[in-house]
Amino acid sequence: MAIVFVIISFIISAVIVNLLASLFITLIGADAMFFSGKGRFVTILIVTWFVFGVLFGR
């Protein structure tokens, strides 16, 4: 059952990171993305860990 919670946390984290990245790009007025795919993936994993702890931690 824990794997389901991790997958849900990963999806939530991916949405959060992508929204924040697009907001940041919009705010600075850039046309190109500054975040590499590898860096974004690592950020999503870190945010997944926090989301999992907040939502499903006991």
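This is a predicted model, so every value here is computed, not measured.

A. Main features of helix 2 (residues 37-56). With 20 residues, helix 2 extends 27 Å between its outermost C-alpha atoms, agreeing within 8% with the 28 Å of an ideal straight helix rising 1.5 Å per residue. Of the positions making up helix 2, those classed as buried are R40, I44, T48 and V51. Taken around the axis of helix 2, the buried residues stretch over an arc of 90 degrees, which confines them to a single face. Those residues of helix 2 that are exposed and aimed more than 90 degrees away from the buried face are K38, W49 and F50. Looking at the buried side of helix 2, the elements it contacts are helix 1 (2-28).

B. View of the packing of helix 1 against helix 2. Look at helix 1 against helix 2: their axes get within 7 Å of each other, and the N-to-C directions meet at 125 degrees. By the angle between their axes, helix 1 is oblique relative to helix 2. Note that helix 1 runs across helix 2; the crossing there is right-handed. Looking at the contact of helix 1 with helix 2, its residues break down into 18 nonpolar, five polar and one charged.

Cut-offs used in this document
Residues numbered from 1 in each chain as written. Predicted model: local features only at pLDDT ≥ 70, side-chain atom pairs only at ≥ 80, totals over all residues. Heavy atoms only, no water. Helix = DSSP H or I, 4+ residues; strand = E, 2+ residues; numbered from the N terminus. Expected span 1.5 Å × (residues − 1). Buried < 20%, exposed > 50% of the residue type's maximum accessible area, 1.4 Å probe, protein only. Arc of directions from axis to C-beta. Contact = heavy atoms within 4.5 Å. Axes fitted to C-alpha atoms, helices over the stretch in contact; angles between N-to-C directions. Parallel < 35°, antiparallel > 145°, perpendicular 65-115°, else oblique. Left-handed = near helix turned anticlockwise from the far one by under 90°. Nonpolar A, V, L, I, M, F, W, Y, C, P; charged D, E, K, R; others polar.

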